[in-house]
Amino acid sequence: MRAFAAAIALSALLAGSACSLSADEVRSTPAAMAALPSADPQVRRLTAERPTHILFVGNSYLYYNDSLHNHVERMAVAAGLFHESEPEYKSATIGGAALFDHNIDHLLEPGNLRVDRPFDVVIMQGGSAAPLSPDRRMRFAETAETYAARVRAMGGEPVLYMTHAYVFPHPRAREDMIEDIASLYIETGNRIGALVIPVGLAFDEAYRRRPDISLHASFDGTHPSMLGTYLAACTVLASIYGANPIGNSYDYFGEVPAEDALFLQQVAQDTVLKFYRREG
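Here the residue numbers are simple positions, counted from 1 along each chain's written sequence. Residue-level local features of this predicted model are given only where pLDDT is at least 70; pairs of side-chain atoms are given and counted only at 80 or more, and the full residue set underlies all totals for whole chains, interfaces and linings. Side-chain numbers here rest on the full set of heavy atoms in the structure, without hydrogens or water.

1. What about unusual backbone geometry?
Moving on, step 1. At the junction of Phe 168 and Pro 169, the peptide bond is cis and its omega measures out at 15° in the coordinates.
Moving on, step 2. One non-glycine residue, Phe 253, lies in positive phi territory at about 60°.

2. Let's talk about helix 11 (residues 258–276)
Residues spaced three or four apart along an α-helix face the same direction, because each turn holds 3.6 residues.
Moving on, step 1. Between its terminal C-alpha atoms helix 11 stretches 27 Å, which fits the 27 Å expected from 19 residues at 1.5 Å a residue.
Moving on, step 2. Those residues of helix 11 lying buried are Asp 260, Ala 261, Phe 263, Leu 264, Gln 265, Val 267, Ala 268, Gln 269, Thr 271, Val 272, Phe 275 and Tyr 276.
Moving on, step 3. The secondary structure listing takes helices from DSSP runs of H or I that are at least 4 residues long and strands from runs of E that are at least 2 residues long, numbered from the N terminus. Phi for Arg 277, located one or two positions after helix 11, is positive at around 55°. To estimate the expected span of a helix, count its residues, drop one, and scale the result by 1.5 Å. For every residue, the accessible area (1.4 Å probe, protein chains only) is compared with the maximum for its type, and the residue is labelled buried under 20%, exposed over 50%, or partly exposed between those bounds.

3. Focus on the packing of aromatic side chains
Moving on, step 1. Classification of ring pairs rests on two measures: the distance between centres of Phe, Tyr or Trp rings, Trp counted by its six-membered ring, which must be within 6.5 Å, and the angle between planes, read as stacked under 30 degrees, edge-to-face over 60 and tilted in between. One pass over the structure, following the stated rule, counts eight aromatic pairs.
Moving on, step 2. Relative to Tyr 64, the ring of Tyr 63 lies with its centre 6.1 Å away and its plane at 35°, an arrangement referred to as tilted.
Moving on, step 3. On the basis of relative accessibility, which here comes to 37%, the residue Tyr 63 falls in the partly exposed class.
Moving on, step 4. Their ring planes at 55° and their centres at 4.9 Å tell us that Phe 140 and Tyr 185 sit as a pair that is tilted. With Phe 140 in helix 7 (residues 134–153) and Tyr 185 in helix 8 (residues 177–192), this residue pair connects regions lying 45 residues apart in the sequence. Residue Phe 140 shares its accessibility class with Tyr 185, and that shared class is buried.
Moving on, step 5. Three or more aromatic residues joined by ring pairs form one cluster here, namely Tyr 230, Tyr 250, Tyr 252 and Phe 253.
Moving on, step 6. Between Arg 139 and the ring centre of Phe 100, over which it is positioned, the NZ or CZ distance is 3.6 Å.
Moving on, step 7. Any Lys NZ or Arg CZ found within 6 Å of a ring centre and within 35 degrees of that ring's normal is scored as a charge over the ring. Looking at Arg 210, its charged tip hangs above the ring of Phe 263, at a distance of 4.9 Å from the centre.

4. Considering the pairing of strand 1 (residues 53–58)
Moving on, step 1. When you tally the buried positions in strand 1, you get six out of six residues, the bulk of the element.
Moving on, step 2. With burial as the criterion, each face of strand 1 is covered, one bearing His 53, Leu 55 and Val 57 and the other bearing Ile 54, Phe 56 and Gly 58.
Moving on, step 3. At least two bridges found by DSSP between two strands are what make those strands a pair. Relative to strand 2 (residues 88–93), strand 1 is paired through six bridges, and the arrangement is parallel. Bridged to His 53 within strand 2 is Glu 88.

5. Describing the pattern of salt bridges
Moving on, step 1. Each reported salt bridge corresponds to a side-chain nitrogen of Lys or Arg within 4 Å of a carboxyl oxygen of Asp or Glu. Tallied over the entire structure, the rule returns 13 salt bridges.
Moving on, step 2. Here Asp 176 and Arg 174 are joined by a salt bridge, their closest N and O atoms 2.4 Å apart. Each member of the pair, Asp 176 together with Arg 174, is buried.
Moving on, step 3. A single network of salt bridges, built from pairs that share partners, joins Glu 205, Arg 208, Arg 209 and Asp 270.

6. A word on the side chain of Glu 73
Moving on, step 1. If you trace the backbone, Glu 73 turns up in helix 5 (residues 68–78).
Moving on, step 2. We treat Lys and Arg as the positive residues and Asp and Glu as the negative residues; His and chain ends play no part in the count. Buried charge without a partner: Glu 73 forms no salt bridge, and the closest opposite charge is Arg 74, 7.2 Å away.

7. Considerations on the packing of helix 10 (residues 226–241) against helix 11
Helix packing for two helices is described by the angle between their axes and how far apart those axes are.
Moving on, step 1. For the pair helix 10 and helix 11, interaxial distance at closest approach is 9 Å and the crossing angle is 40°. Viewed along their axes, helix 10 and helix 11 adopt a mutual orientation that is oblique. Crossing of helix 10 over helix 11 shows right-handed handedness. Where helix 10 approaches helix 11, its residues Leu 227, Tyr 230, Leu 231, Cys 234, Thr 235, Ala 238 and Ser 239 are matched on the opposing element by Asp 260, Ala 261, Leu 264, Gln 265, Val 267, Ala 268, Gln 269, Val 272 and Tyr 276.
Moving on, step 2. Under this grouping Gly is polar, as are all residues other than the nonpolar Ala, Val, Leu, Ile, Met, Phe, Trp, Tyr, Cys and Pro and the charged Asp, Glu, Lys and Arg. Its residues placed into classes, the contact of helix 10 with helix 11 shows eleven nonpolar, four polar and one charged. Interaxial angle, 0 to 180 degrees, is taken between N-to-C directions of lines fitted to C-alpha atoms, where a helix line uses only the stretch in contact. Relative orientations are named as follows: roughly parallel for angles under 35 degrees, roughly antiparallel for angles over 145 degrees, roughly perpendicular for angles from 65 to 115 degrees, and oblique for any other angle. By the definition used in this description, the sense in which the near helix is turned from the far one sets the handedness, with an anticlockwise turn below a right angle giving left-handed and a clockwise turn giving right-handed. Contacts are residue-level and defined by heavy atoms, with any inter-residue pair within 4.5 Å sufficient.

8. What to know about the sheet that holds strand 4 (residues 157–161)
Moving on, step 1. Spatial ordering of the open sheet is given by 2-1-3-4-5, a layout of five strands whose pairing is parallel. Of all strands in the sheet, those with a lone pairing partner are strand 2 and strand 5 (195–197), marking the two edges. Recorded for the sheet is a direction-independent mean angle of 20° between the axes of neighbouring strands.
Moving on, step 2. As paired strands, strand 4 and strand 5 are joined by three bridges and run parallel to one another. Among the inter-strand pairings, Leu 160 is bridged to a residue of strand 5, identified as Val 196.
Moving on, step 3. Contacts from helix 8 reach strand 3 (121–125), strand 4 and strand 5 within the one sheet, and its direction differs from that of strand 4 by about 170°.

9. Thoughts on the environment of Ile 54
Moving on, step 1. Tracing the chain through its elements places Ile 54 in strand 1.
Moving on, step 2. Taking the C-alpha atoms as reference points, Ile 54 and Phe 119, separated by 65 residues in sequence, lie 5.5 Å from one another.
Moving on, step 3. Contacts of Ile 54, omitting those with residues within four sequence positions, involve Glu 88, Tyr 89, Lys 90, Phe 119, Val 121, Ile 123, Ile 240 and Tyr 241.

10. What about the pairing of strand 3?
Moving on, step 1. Among the five residues that make up strand 3, five are buried, leaving the element largely enclosed by the rest of the structure.
Moving on, step 2. Viewed with both strands pointing away, a crossover whose connecting path from the first strand over the helix to the second turns clockwise is right-handed. For the crossover that starts at strand 3, traverses helix 7 and ends in the parallel strand 4, the hand is right-handed.

Everything listed here is a matter of geometry and, on its own, says nothing about what the molecule does.
Structure follows, in structure tokens:
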């Protein structure tokens, strides 16, 4: 554990810092939007091909816009992976929470979330500031390692949800934040043998291709907009099921315009294939 903590701290210290950017700079600088992780993920697929019982653990990044777990479930049904009554998805979220704020033992105990069997997959999302200091990086990594062991003890597979970077007007927005995020999640995922869902990289790629798109809430530059949540759902679907989201009919009951839906589906698929080095 001590060596792991030292590696996480060193990675954070080596990551450069930059001043905050304007809205136009954050959304149009190619270097900011095309950042590549310095390490490859070692886990590229789940063991379970078709998990039906999934728990999402995180904060407002997950519960904004009618909750991410609802969108992923609806997409999975639209993709023909399940009948509507088959999947059991649950979401345990605390506003502003770090991963260590969650009582993982309570969440995993069958019956406590009105699910009478253990979860197949537990998707864990850290706080948005987790990658930004050595202490926070270390705390996230240690918590993820502990929680992953408890998920496995209950027969499930742990998964990490890579968060997206801040954009203007968030006061801590900077062009290289995604590099810090990606390195933390990939290093931690590799250490604990967990799949990492590259949501943050998908946001980055979408902004690189369409700098005008709004994936963040305009009032704070941190929470996802509806389009951001839709992109995250496409990325989760492609990552955990290997299902191509392109052409998926789910559009949040007409709320996501067809052109945007197709664009975000394509970005999610391209990001996932590149990240895991999967065949199309």
